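# Residue-level structure breakdown
Each chain is listed here by its residues.
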Amino acid sequence: MADLTSVLLSGIICGLLLHISKYEANVNKSSRKPNFIIILADDIGWADLDANLPETKNNNTPQLNLMAEQGLRFTDFHSPASTCSPSRAAILTGRYGLRNGVTHNFAVGSVAGLPLSEVTLPQLLQRSGYYTAMIGKWHLGHNGPYRPNRRGFDYYLGVPYSNDMGCTDVPGYNLPRCLPCDSPSCPQVIRLRRSGHDGCYSKVALPLIENTTIVQQPLNLWRLTEQYKSAATRIIQNARARGQPYFLYIALAHMHVPLAPPVGASATNDNKVYAASLQEMDDLVGAIKRISDETDRDNTLIWFTGDNGPWEQKCQYAGSVGPFVGKWQTSRGGGSAKRTTWEGGHRVPTIAYWPGRISANNTSSALLSGMDIFPTLLSLANVTPPADRRYDGIDASNILLKGEKNGHEVLFHPNSGAAGTFGYLQTVRMGRYKAFYLTGAAEACGGATGRPQIHNPPLIFDLQCDKAEETPLEVSTPEYQEVVKQVIRRREVLFWDIATDESVSTANYNTDKSAAPCCDPQQAICRCDTLG
């Protein structure tokens, strides 16, 4: 009997110890701060993601398709602006450009960048114990306190602006063709034009920067993908080895001006170059996902999205907007993608992946914006944003983790170069409806443009049954009258809120030749190479 009692007691004790061990493991797991990987694709079209238009049966994004199958795909997600710098600034601050001050792009010779009064997402995560790193295109200031390392990033490797804003020895594909740095016409020609298209526009070679040092100028475009992959692998593995949570922001410019396909790729002519570049970017995303899964799979959120829609004037070197073609505008001349407030300019492919936290193979039609990344990641990291400023992004963590359906009740799209004053919020999305107080076209393939038009009362489209934005509602209908009342009220509320916001910043857009990044001013194009 004593032996039986002893056996029973031993079993009970073992069971208790096992239960306590599992409990402690779960507590430790739940108390760890999550890792974040944000991947931002430049100039990517909504339909460039195969999963958004499966009927086309393309196979350009198999890795992203897999991520969508294993995660959450958003169908109504929007970049905060339709051009580079404003979109990136809004993502990192959670604020419209009218608040953060960044309303249009910075230049090679910009002396400043994102205003120093703005608090960035990496700064807040860094203060909370995160290791913060960035790889890729910055485009928010490359001098002094405006550099990535001074805006919250512990480590940076990348290009200070777009990959066509400087010459390289072996240029990527472009319209017009970019000349190599050693061409007799370069660097003397600052801007080349052909058929109305802007081309390469810098006397300075395109630099690759690591932290605050130019390590190669001009950089080698064809090695960038491997360099980015190696850096991402090192960052993820080292952070895991230290037991430190990390925030990794990867901004890929593969689609801005496509890179020529590498030797052996399937692309053999211009019409396949964009697809080859898209595939190369997709391969890189897949590699980053694999290394993340191998190191800390259940504790890492990967969020893929775009900074704006495709650059339509680049013709065969531009992406696809799918059904969001902006027919009202294109029928009157010009393009309706990047730089416009038509859907093709700001509706971007977006996927969130987090095994065990985000349900697999789900789709969300919630109305969301890149500005929502800021409050969502802070919420997931249990970090409180500064209370001395107003924000425009919303916390979407319940949409990601609990399948909630509601996103923004109203979302504003800023003028991004096609018409009107930069940054002004003259296009309003509210539910299924979209109102334009101003319309305008970007340059289309072939050089056609359309004239800006002011609309008072506004044009209103029902996107639920008119994705192409072809036929606005009749002004005389009760439906229009009810919608326009709500639009007017919501505009007035936001404009008053911004007008009374004491935290509004103003960006300095002054330029100076000496502000251009240059590792050796004695060289004609600032040539140097520490990479060998």
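Counting starts from 1 at the beginning of each chain's written sequence and moves along it residue by residue. Selection of residues for local features in this predicted model requires a pLDDT of at least 70, selection of side-chain atom pairs for listing and counting requires 80 or more, and totals for whole chains, interfaces and linings are taken over all residues. The basis for every side-chain value is the complete set of heavy atoms in the structure, and neither hydrogens nor water enter the calculation.

With that settled, consider the state of the cysteines. The disulfide definition used here is simple: a pair of cysteine sulfur atoms within 2.5 Å. Taken as a whole and judged by the stated rule, the model has 4 disulfides. Across the disulfide, Cys167 is cross-linked to Cys181 (sulfur-sulfur distance 2.1 Å). Handedness here is read from the sign of the S-S torsion; for Cys167 and Cys181, about 105 degrees, the answer is right-handed. Note that Cys167 is positioned in the loop between β5 (155-158) and β6 (193-194) and Cys181 in the loop between β5 and β6, a separation of 14 residues in sequence. Cys181 matches Cys167 in its accessibility class, with the two residues each being buried. The partner cysteine of Cys519 in its disulfide is Cys528, sulfur to sulfur 2.0 Å. Across the disulfide from Cys519 to Cys528, rotation about the S-S bond amounts to roughly -125 degrees, and the bridge is consequently left-handed. Only DSSP runs of H or I with at least four residues qualify as helices, and only runs of E with at least two residues qualify as strands; both kinds are numbered from the N terminus onward. Only protein chains enter the accessibility calculation, which uses a 1.4 Å probe. A residue is then buried if its area is under 20% of the maximum for its type, exposed if over 50%, and partly exposed in between.

We call two strands paired when DSSP finds no fewer than two bridges between them. The strand order across the open sheet formed by 11 strands is β13-β2-β12-β11-β1-β10-β4-β5-β8-β9-β19, and the pairing between neighbours is mixed. Two strands close off the open sheet at either side, each with one partner strand: β13 (362-364) and β19 (528-529). Pairing of strand β2 (residues 72-74) with β13 involves 3 bridges; the strand directions are parallel. Residue pairing across strands places Phe74 opposite Ser364, the latter belonging to β13. Here a residue-residue contact requires only that any non-hydrogen atoms of the pair lie within 4.5 Å. Lines fitted to C-alpha atoms define the axes, with helix axes restricted to the stretch in contact, and inter-axis angles between N-to-C directions lie between 0 and 180 degrees. The sheet contacts of helix α6 (residues 224-242) involve β1 (35-41), β4 (131-136), β5, β8 (208-210) and β10 (246-252), and relative to β4 the element is tilted by about 170 degrees. Across the sheet, helix α10 (residues 373-380) is in contact with β1, β10 and β11 (300-306); its angle to β11 comes to roughly 180 degrees.

Only Phe, Tyr and Trp rings are paired, with Trp represented by its six-membered ring, and only when their centres lie within 6.5 Å; those with planes under 30 degrees apart are stacked, over 60 edge-to-face, the remainder tilted. Here the structure, examined in full by the defined rule, presents 15 aromatic pairs. Between the aromatic rings of Phe36 and Tyr130, the centroid separation amounts to 5.7 Å while the plane-to-plane angle is 10 degrees, which identifies the pairing as stacked. Of this pair, Phe36 sits in strand β1 while Tyr130 sits in the loop between α5 (121-127) and β4; the two residues are 94 residues apart in sequence, bridging distant segments of the chain. In this structure, Phe36 and Tyr130 share a single accessibility class: buried. Plain terms: the ring middles of Phe436 and Phe461 are 5.7 Å apart, the flat faces sit at 85 degrees to each other, and that makes the pair edge-to-face. Of this pair, Phe436 sits in strand β17 (residues 433-439) while Phe461 is found in strand β18 (residues 453-462), placing the two residues 25 residues apart along the sequence.

In this section: the confidence of the model for the protein. Per-residue confidence from the prediction method is given by pLDDT, with values spanning 0 to 100. Residues of the protein with pLDDT of at least 70 account for 88%, and the chain-wide mean is 90. Across residues 20-29 the pLDDT falls below 50, and counting only partners more than four positions away or on other chains, this stretch makes 1 contact in the model. Low confidence marks residues 262-268, where pLDDT is under 50. Its contacts with residues over four positions away, or in another chain, come to 7 contacts.

The working definition used for a salt bridge is a side-chain nitrogen of Lys or Arg within 4 Å of a carboxyl oxygen of Asp or Glu. Applying the stated criterion to the full structure yields 23 salt bridges. The residue Arg99 makes a salt bridge to Asp392 at a minimum N-O spacing of 2.8 Å. Here the residue Arg99 occupies a position in helix α4 (residues 97-100), and Asp392 occupies one in the loop between α10 and α11 (397-402), the gap between them amounting to 293 residues. Residue classification places Asp392 among the buried positions, given a relative accessible area of 10%. Its salt-bridge partner being Glu343, residue Arg347 comes within 2.7 Å of it at the nearest N-O pair. Each of the two residues, Arg347 as well as Glu343, counts as buried. One network of salt bridges, with partners in common, ties together Arg95, Arg99, Glu118, Arg390, Asp392, Asp497 and Asp501.

Next up on the list: the sheet that holds β17. Strand order across the open sheet formed by 4 strands is β15-β16-β17-β18, with antiparallel pairing between neighbours. In this open sheet, the two edge strands, each paired with only one partner strand, are β15 (410-413) and β18. Mean inter-strand twist for the sheet, computed between neighbouring axes without regard to direction, equals 15 degrees. Strand direction decides the pairing type here: β15 and strand β16 (residues 427-430), joined by 4 bridges, are antiparallel. Opposite Val410, over in β16, you have Met430 as the bridge partner. The strands touched by helix α12 (residues 478-499) within the sheet are β15, β16, β17 and β18, with β18 carrying the most contacts at an inclination of about 120 degrees.

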